[in-house]
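Residues per chain, in single letters:
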Amino acid sequence: MVPVLTHLADNPVLVLFLLIGLGMLVGHIKVKGVSLGAAAVLFAGIVLAAWGVAQGVTIEVPSAMGILGLAVFTFAIGVQSGPNFFHVIRTAAGPLALMLLVFIVAAACGLGVGHVLGMDSALIAGTFAGAITNTPALAAAGNAATMAGNPDGVAIATVGYAVAYLYGVIGMLFFSLLALRYRRSDRDKPSPLTNRTIRVERDDSPMIGDLLATVSGELRFSRLRRGETGPITRPVSEDRVNRDDLVTVVGTQDAVSQVIKALGHGSSHSLIEDRRYLDFRRITVSDPKIAGHTIADLGVDHTFGATISRVRRGDTDMVGTPDLVLQLGDRVRVVAPTGRMKEVSAFFGDSARGLSSINPVALGLGMALGIFIGEWKFLTPTGATFSIGSAAGTLLVGLVFGKIGRIKGFVTALPFTATAVLSELGLLIFLAQAGTKAGGQIANAFTGGDWWKILVTGFVITTIVGLGIYASMRWVVKMGGTRLSGLLGGAQTQPAVLAFANERTGADPRVALGYAMVYPVAMIAKIFIAQILGGL
């Protein structure tokens with residue numbers, strides 16, 4: 001087998017795709033309904049690299065490939081999460097504070113256990129970085145140890161990192177699984193959209209705009225018929241509805257129930273089925289001039305007499321509210337006069353390329369800006385410098401790009417389908433590289449006498465972080481299990497945990513939102529803590 005291993009060592013690209021293929025083959029295997037998913041690629045890399053070292057052959061995917069994969073992954077996740085992130089972050093002060101407190105407690109306990117076992121500061125700091133699976137924290141720990149007078153600080157910290165890393169991943173996968181076990185009781189699950197035709201029973205002729213103001217939740221009026229046989233028209237906010245009128249509304253189930261109660265009763269008639277006057281169609285947003293604008297900006301109501309009642313992004317349906325920013329690849333459900341539907345389709349583009357365009361200008365400039373920010377050196381009060389890393393930098397830029405959608409003529413967002421593909425590919429590349437790197441280090445680290453001390457200390461740190469975040473978010477913050485599974489991955493800054501949660505939930509958007517909500521803060525906090533531990 002040595003010639004085969006030697007051939008693999010000389011062909012890192014072959015190793016990369018071999019690990020992706022074989023890893024995902026294993027990752028799809030389910031045991032009692034549980035599968036590793038993309039995390040299996042990481043473990044396949046660890047096994048292959050450790051086997052190679054045992055045979056005297058170093059097999060490793062180049063570090064630059066891992067940096068590229070992780071940066072692409074975090075940028076795509078940022079673009080996906082951007083539209084909702086800044087709304088959620090307003091209420092995230094509590095979860096972030098609890099997470100920081102858990103990190104401090106875990107570091108203090110790890111320091112205490114390490115000293116009891118006779119470990120030096122560099123080894124404890126490296127173990128902390130491995131237990132929370134954070135490579136920038138390892139760099140900070142090694143640098144701080146060297147500046148504190150330990151010439152072997154980087155090497156010692158790396159040993160601690162390598163041994164503690166494996167349980168850092170497996171342990172957090174366990175806590176993510178615990179979170180997913182109670183996801184059925186989530187209260188933050190988006191309400192499914194529904195449409196209903198309503199018979200008006202009020203005599204005071206209320207205005208549609210006034211009715212919308214009284215309804216909590218997202219709702220649109222899409223059709224109006226005066227009496228039983230009149231023409232079907234597109235209602236506007238200034239229209240009044242009279243007794244025996246029929247109106248069709250689209251919205252969340254709760255909002256639709258509210259407007260039914262406010263107006264009259266649900267009718268057996270369906271205005272949607274009568275397409276003589278108004279037609280409806282799903283149209284793909286593929287024209288770049290449309291992307292990045294809100295529905296209100298487009299003015300389709302004035303130009304075509306049309307209403308955008310729903311928007312489907314990926315597998316998620318949203319009410320077509322005026323402030324919703326459209327992205328390339330969105331599929332809008334448009335209600336318009338039957339004779340103008342072709343014009344409306346041409347306006348949006350309605351081409352399949354809108355689903356697959358990666359928007360290379362936004363991708364290239366966004367990635368470049370994120371990497372630049374990530375590599376920028378920040379000066380600390382101790383005189384040392386640190387950088388947040390390209391992953392955190394590209395995530396931050398991705399969040400902003402996803403939120404703003406457009407800067408004048410420059411579209412900053414990517415289609416949802418494109419971000420899904422980019423994030424999965426980037427993740428698999430990173431996991432393959434991280435696995436081969438950790439596998440080689442683990443094989444060497446276990447030849448030393450401190451491996452069991454590192455395992456014990458790392459176990460304590462990872463367990464405190466996982467259990468502390470799980471308990472505080474579930475019982476103090478009352479966070480749903482779906483979002484918590486992603487938040488655990490973000491707190492651990494571990495894409496394998498995110499991949500596991502996505503695999504179990506069918507890539508529920510709340511998973512990525514939880515991940516992005518804490519990732520940047522977790523990254524910076526871990527770097528600072530590791531730097532303090534290494535300098536003691």
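Residues numbered from 1 in each chain as written. Predicted model: local features only at pLDDT ≥ 70, side-chain atom pairs only at ≥ 80, totals over all residues. Heavy atoms only, no water.

(A) The arrangement of a nonpolar patch on the surface in detail. A cluster of nonpolar side chains, contributed by Leu 14, Leu 18, Leu 22, Leu 25, Val 26, Ile 29 and Val 31, occupies part of the molecular surface with about 650 Å² of accessible area. If you trace the backbone, Leu 14 turns up in helix α2 (residues 12–27). (Patch = residues over 30% accessible without salt bridge, like charges linked within 9 Å, V, L, I, M, F, W, Y side chains within 5 Å. Areas by Shrake-Rupley, 256 points an atom, 1.4 Å probe, with all protein chains shown as cover. Salt bridge = Lys/Arg side-chain N within 4 Å of Asp/Glu carboxyl O. Helix = DSSP H or I, 4+ residues; strand = E, 2+ residues; numbered from the N terminus.)

(B) Here's a closer look at unusual backbone geometry. Despite not being glycine, Ser 205 has its phi angle at roughly 50 degrees, a positive value. A positive phi angle, near 55 degrees, is found at Lys 408, a position not held by glycine. Secondary-structure assignment places Lys 408 in the loop between β12 (406–407) and β13 (410–411). Classification of Lys 408 by relative accessible area gives exposed; the value is 77%. (Buried < 20%, exposed > 50% of the residue type's maximum accessible area, 1.4 Å probe, protein only.)

(C) Highlighting the environment of Arg 240. Looking at the secondary structure, you find Arg 240 in the loop between β3 (232–233) and β4 (246–252). For the pair Arg 240 and Leu 211, spaced 29 residues apart in the sequence, the C-alpha separation amounts to 9.8 Å. The contacts of Arg 240, once residues within four sequence positions are left out, are Ser 205, Pro 206, Met 207, Arg 226 and Asp 245. A polar contact of 2.9 Å, which involves the side chain of Arg 240, links it to the backbone oxygen of Ser 205. (Contact = heavy atoms within 4.5 Å. Polar contact = N/O pair within 3.5 Å; in protein donor to acceptor, adjacent residues only side chain to side chain.)

(D) A look at the sheet that holds strand β2 (residues 219–225). Read across the sheet, 5 strands follow the order β3-β2-β4-β1-β5 without closing on themselves; strand pairing throughout is antiparallel. Pairing within the sheet leaves two strands with one partner each, and these edge strands are β3 and β5 (264–266). With 7 bridges connecting them, strand β1 (residues 193–200) and β4 associate as antiparallel partners. Bridge pairing in β4 links Ile 198 to Val 247. Lying over the sheet, helix α10 (residues 253–263) contacts β1, β2, β4 and β5, oriented at roughly 150 degrees with respect to β4. (Pairing = 2+ DSSP bridges. Axes fitted to C-alpha atoms, helices over the stretch in contact; angles between N-to-C directions.)

(E) Just the layout of surface pockets, in detail. There is about 720 Å³ of room inside the second largest pocket. Secondary-structure elements contributing two or more residues to the lining of the second largest pocket are α4 (63–88), α7 (135–147), α8 (153–181), β11 (385–386), α16 (389–404), α17 (416–445) and α21 (509–535). Looking at the lining of the second largest pocket element by element, the count peaks at 6 residues for α17. Split by residue class, the lining of the second largest pocket holds 17 nonpolar, 14 polar and 3 charged. (1 Å grid on protein atoms, 1.4 Å probe; cavity = no way out; pocket = protein on both sides within 12 Å on 5 of 7 lines; lining within 4 Å. Points joined across faces, edges and corners; volume = space filled by probe spheres on them. Nonpolar A, V, L, I, M, F, W, Y, C, P; charged D, E, K, R; others polar.)

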